[in-house]
Amino acid sequence: MPLLGLRRLLSAVAVLLVGASSLALASPASAADDRFTGTARLAGCSGAVVRWASALDADPAVVITNGHCVRTPFLGAREVLVDQRQWKRIELLDGDGDVAMTVRGVHLRYASMYRTDLAVYELRETYADLAAKGVTPLALAATGPSRGDRIRIPSGYWTEQRACTTTGTVHRLHERAWDWWDSIRLPALDGCAIRGGYSGSPIVSRETGEVVGIANTGYVGGRRCIDSACEENRRGRIVMRRNMNYGQQTALLTGCIGVDRRFSLDTPGCRLAEPRG
């Protein structure tokens, strides 16, 4: 499977498209010399330090990555993890891509590979603690990208960046037993030839500097819907697109922030999948 992290890292490096070189692009919220602001490095994956609009400096900081980066074997097709303590090493980077600080004790607030491929880690450190070490979070966009939007994908794992223009979203994306909704298309031949280790990398709008998604999978050939993800449109037609990579939207996350400014599935209007039973 082409999920871009963990046990697939070494093989994905060899087979995923790598045609685009690292880019140093300027945007309103990210100058060329701070393109790795808000990025994080996990074992075999990337991530991002994010902050929602209501958060205070004294609130625990949050790191997001893919649900498939949480453990091996991967989560089940309908599995949802909520409120688990984990001992996990996460390196937080500064704008130049250097490690500004390393955190270890984290609280897994959410992880799932159903409807989206998302994990939400809450740190013991506050946003003020991170600021003191030179770590600046990224803002989350309240809406997803549209066709033709210019985005960039900085990888904390590789400290390199890809950039392209999205070609819209996919109604349903299937890979083996997993099912993702409204996935973002990331055309490899336009500059988004991501590789293993890009899993969990933030997809950042080059217009606003806000995070609109996280990269999670891509085309590697092979069997349709098994070795590579395949798209399903609203009429049920299924295709596997060559040279296409994908990411998951993060706007859903903004609807799950409670009045206490903490992530919670109990927040009215939260549409992320809940644990079954």
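Up top you'll find the structure we're talking about.
Fair warning: this is a prediction, and the values are worked out from it, not measured in the lab.

Caption draft 1: View of the state of the cysteines. Evaluation of the coordinates by the stated rule reveals four disulfides. Residue pairing for Cys225: its cysteine sulfur links by disulfide to Cys230, the two sulfurs lying 1.8 Å apart. Between Cys225 and Cys230, the disulfide has an S-S torsion of 100° and is therefore right-handed. Each member of the pair, Cys225 as well as Cys230, is classed as buried. Take the cysteines of the chain that form disulfides and number them in order along the sequence; they join up as 1-2, 3-4, 5-6, 7-8.

Caption draft 2: Seen up close, the side chain of Glu91. Tracing the backbone shows Glu91 in strand S4 (residues 80-93). A polar side-chain atom of Glu91 sits 2.7 Å from a polar atom in the side chain of Arg41. There is a polar contact of 3.0 Å between the side chain of Glu91 and the side chain of Arg89. With near-sequence residues (within four places) excluded, Glu91 lies in contact with Thr39, Ala40, Arg41, Val99, Met101 and Thr102.

Caption draft 3: Examining the pattern of salt bridges more closely. Across all of its chains, the model carries 15 salt bridges by this definition. The partner of Glu91 in a salt bridge is Arg89, and the shortest N-O contact between them spans 3.0 Å. Looking at Glu91, the relative accessible area reads 14%, which means it is buried. Across the salt bridge formed by Glu122 and Arg109, the nearest N and O atoms sit 2.8 Å from each other. Of this pair, Glu122 sits in strand S7 (residues 118-126) while Arg109 is found in strand S5 (residues 99-112), placing the two residues 13 residues apart along the sequence. Across the pair, Arg109 and Glu122 agree in class, each one buried. Residues joined in a network through salt bridges with shared partners are Asp83, Arg109, Glu122 and Arg262.

Caption draft 4: The pairing of strand S11 (residues 169-175), seen in detail. Pairing analysis gives six bridges linking S11 to strand S12 (residues 178-187), with the strands arranged antiparallel. Counted as the bridge partner of His174 is Asp179 from S12. Hairpin connection between S11 and S12: a loop of two residues separates the two successive antiparallel strands, and Arg176 in this loop has a positive phi of roughly 50°. Summarising the sheet, S11 and strand S15 (residues 230-232) pair through three bridges and their orientation is antiparallel. Residue pairing for S15: Arg172 is matched across the bridge by Glu232.

Caption draft 5: The pairing of strand S14 (residues 211-218), seen in detail. With eight of eight residues buried, S14 is to be regarded as a mostly interior element. Direction of pairing for strand S13 (residues 202-205) relative to S14: antiparallel, over a ladder of three bridges. Opposite Ile203, over in S14, you have Gly213 as the bridge partner. As consecutive antiparallel partners, S13 and S14 are separated by five residues, and within that stretch Gly209 has a phi angle of approximately 80°, a positive value.

The rules behind each value
Residues numbered from 1 in each chain as written. Predicted model: local features only at pLDDT ≥ 70, side-chain atom pairs only at ≥ 80, totals over all residues. Heavy atoms only, no water. Disulfide = S-S within 2.5 Å. Buried < 20%, exposed > 50% of the residue type's maximum accessible area, 1.4 Å probe, protein only. Helix = DSSP H or I, 4+ residues; strand = E, 2+ residues; numbered from the N terminus. Polar contact = N/O pair within 3.5 Å; in protein donor to acceptor, adjacent residues only side chain to side chain. Contact = heavy atoms within 4.5 Å. Salt bridge = Lys/Arg side-chain N within 4 Å of Asp/Glu carboxyl O. Pairing = 2+ DSSP bridges.

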